[in-house]
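Commentary on secondary and tertiary structure
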Amino acid sequence: MCLTIPAQVFEKHKNFVLVKTDSEIRKINTGFLTDLKKGDWILHTVGTAVRIIDSEEAKEIIELLGKTKYIPQKLSTQFKEILKKIQLGGDLTKEEITYLLRVKGDEKKTLFSEANIVRQANLHDFFCIHGIIEFSNYCKNDCSYCGLRAENRNLTRYRMSVSEIVQTAVDAVKKKGYKLLVLQSGEDYFYTDEMLVEIIKKIKEKCRVFIFMSVGERGYPAYKKIKKAGASGVLFRFETSNQKLFKRLHSKGKNFKNRLEHLKFFRELGYFIATGSLIGLPGQTIDDLAEDILLTKKWANMVSTGPFLSTVDTSLADVIDNEKTKKWKIEMNLKMIAILRLMVETTRIPVVTALETLAGVNIRKKALQSGANSLMFNLTPAKYRPHYKIYGHKFYQKENIWEKYGLFKDKESYQMLEERMAKELNV
Ligand code: SAH
């Protein structure tokens, strides 16, 4: 579902109202809302008013998404050159990205503010709320950072049945209005390709929704069938672009070369790709993060980048964050969002749960104001949630206001998503 910035009516006419935004006066057709009055707060989409919104809640949304133009005092020549290059559409080099990842003070504020402005200019204050259903925590792999790793004997394992997955997805679409759902699991071959195909087909038969699969390295034939069944995208991180580090973290299972090959054939098959890396892995440097940004830019239609969180029952359980490392990860995550927003203006960048878990609820606003433009809500049935421990103490959002005002009754919201995805995939 999508949300727009609320606007206040300041002039009422027969079939339309005038609303004021920061920079302009907009004419909005009243549509079905024939009794709009001066002073009402409304949500509108493609030039038509969709619903009235409570003024307090309108203010809360505006606060969250509001403009934050920062007027910088001191910017270095190098920083100004980099910004100019971005404005002219030039590709940043690794060195320039590294410079941006290291900025402090005024330059840091300017980086975030510029990214926020680019988000607003290109995405017109729309942002979307996607859902994720974690349907199995079985995994054949042994990623040393992940609590689902096969060798973890202390995890209560679960698998949702085909009908349970379908029902959860259909409820999310029909009752709550989600338009894009990620179906995620460990790499679990209990679910055959045919079962995944059946799940996708059954969901698509019952409702209109974009389905993204996040099920690991199942190979080309599987993903061909999954695409044919109706999946639109994949959520598949490359985890880190540093191949040595990748090898160290994945002694069994995942393989860097195979992961890149998957990204290649995902594109060939016409998938919408959500990818990115982990931030703050032991031994990872700022240089690595700059490479991660370049690799993300190369492959991502949607960015999925979040902090590594140390987890019990993994070989990295002892790598506990202190205040300093925690701050570093949060800052790097925000900077990566901002840099990617500047480099790829129209890409989707969700605020990921791991960042909210690390930094708390207030980070959502900061991340949106640093260039992120969507949220990912957890829709896993409550009885399974505690067992999907890729990391512990997962953060669950205050979802009410978002679900209440997501424009879910509107088919425009689906169409808009469809148009935008098609545009990005150049189809
Ligand atoms: N089986 C799928 C999905 C993996 S789980 C696949 O292979 O693509 C989804 C993501 O969770 C992983 O890609 C990883 O980036 C992230 N993750 C795993 N453990 C984590 C941890 N300890 N902290 C933060 N993110 C983690």
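Along each chain, residue indices are assigned from 1 in the same order as the chain's sequence is written. Residue-level local features of this predicted model are given only where pLDDT is at least 70; pairs of side-chain atoms are given and counted only at 80 or more, and the full residue set underlies all totals for whole chains, interfaces and linings. The basis for every side-chain value is the complete set of non-hydrogen atoms in the structure, without hydrogens or water.

Our next topic: helix 6 (residues 193-206). With 14 residues, helix 6 extends 20 Å between its outermost C-alpha atoms, agreeing within 8% with the 20 Å of an ideal straight helix rising 1.5 Å per residue. Relative accessibility thresholds used throughout: buried, under 20% of the residue-type maximum; exposed, over 50%; partly exposed, between the two (1.4 Å probe, protein chains only). Secondary structure is summarised from DSSP: a helix means a run of H or I of at least four residues, a strand means a run of E of at least two, and numbering begins at the N terminus for each. All buried positions along helix 6 are accounted for by Asp193, Leu196, Val197, Ile199, Ile200 and Ile203. Along the axis of helix 6, the buried residues cluster in a sector spanning 160°; they form a single face. When checking whether two residues touch, look at their non-hydrogen atoms; a contact exists if any pair is within 4.5 Å. Elements that come into contact with the buried residues of helix 6 comprise strand 7 (127-136), helix 5 (162-176), strand 8 (180-185), strand 9 (210-214) and helix 7 (220-229). What a helix is expected to span follows from its residue count: subtract one and scale by 1.5 Å. Throughout, the arc means that of the directions going from the helix axis to the C-beta atoms.

Below, the discussion takes up helix 2 (residues 77-87). Restricting attention to buried positions, one finds in helix 2 the residues Phe79, Ile82, Leu83 and Ile86. Viewed along the axis of helix 2, the buried residues span an arc of 95°, placing them on a single side of the element. Phi for glycine 89, located one or two positions after helix 2, is positive at around 80°.

Taken together, the side chains of Lys257, Lys264, Arg267 and Lys298 present a region of like positive charge at the surface. Looking at the positive patch element by element, the count peaks at three residues for helix 9 (residues 256-269). Structurally, lysine 257 is set in helix 9. A patch consists of residues whose relative accessible area exceeds 30% and which take part in no salt bridge; residues with like charges are grouped when within 9 Å of each other, and nonpolar side chains (Val, Leu, Ile, Met, Phe, Trp, Tyr) when within 5 Å. In this description, accessible areas are obtained by the Shrake-Rupley approach with a 1.4 Å probe, and a residue is regarded as covered only by the protein chains that are shown. Here, a salt bridge means any Lys or Arg side-chain nitrogen found within 4 Å of an Asp or Glu carboxyl oxygen. Lys and Arg are tallied as positive, Asp and Glu as negative. Neither His nor the chain termini are counted. Charge placement uses NZ in Lys and CZ in Arg. For Asp and Glu, CG and CD serve respectively.

Residue proximity to a molecule or strand is established when one non-hydrogen atom of the residue lies within 4 Å of it. Near the ligand lie 20 residues; those nearest to it are Tyr145, Arg237, Glu239, Arg259 and Leu309. A 3.5 Å cut-off defines polar contacts: any pair of N or O atoms within that distance qualifies, except that in protein one atom must be a possible hydrogen donor and the other a possible acceptor, and neighbouring residues in sequence count only when both atoms are side-chain atoms. A distance of 2.8 Å is found between a nitrogen atom of the ligand and a backbone nitrogen or oxygen belonging to leucine 309. Taking 560 Å² as the accessible area of the ligand by itself, protein coverage stands at 94%. The residue classification treats Ala, Val, Leu, Ile, Met, Phe, Trp, Tyr, Cys and Pro as nonpolar and Asp, Glu, Lys and Arg as charged. All others, Gly included, are polar. Across the shell around the ligand, the residue classes break down as nine nonpolar, six polar and five charged.

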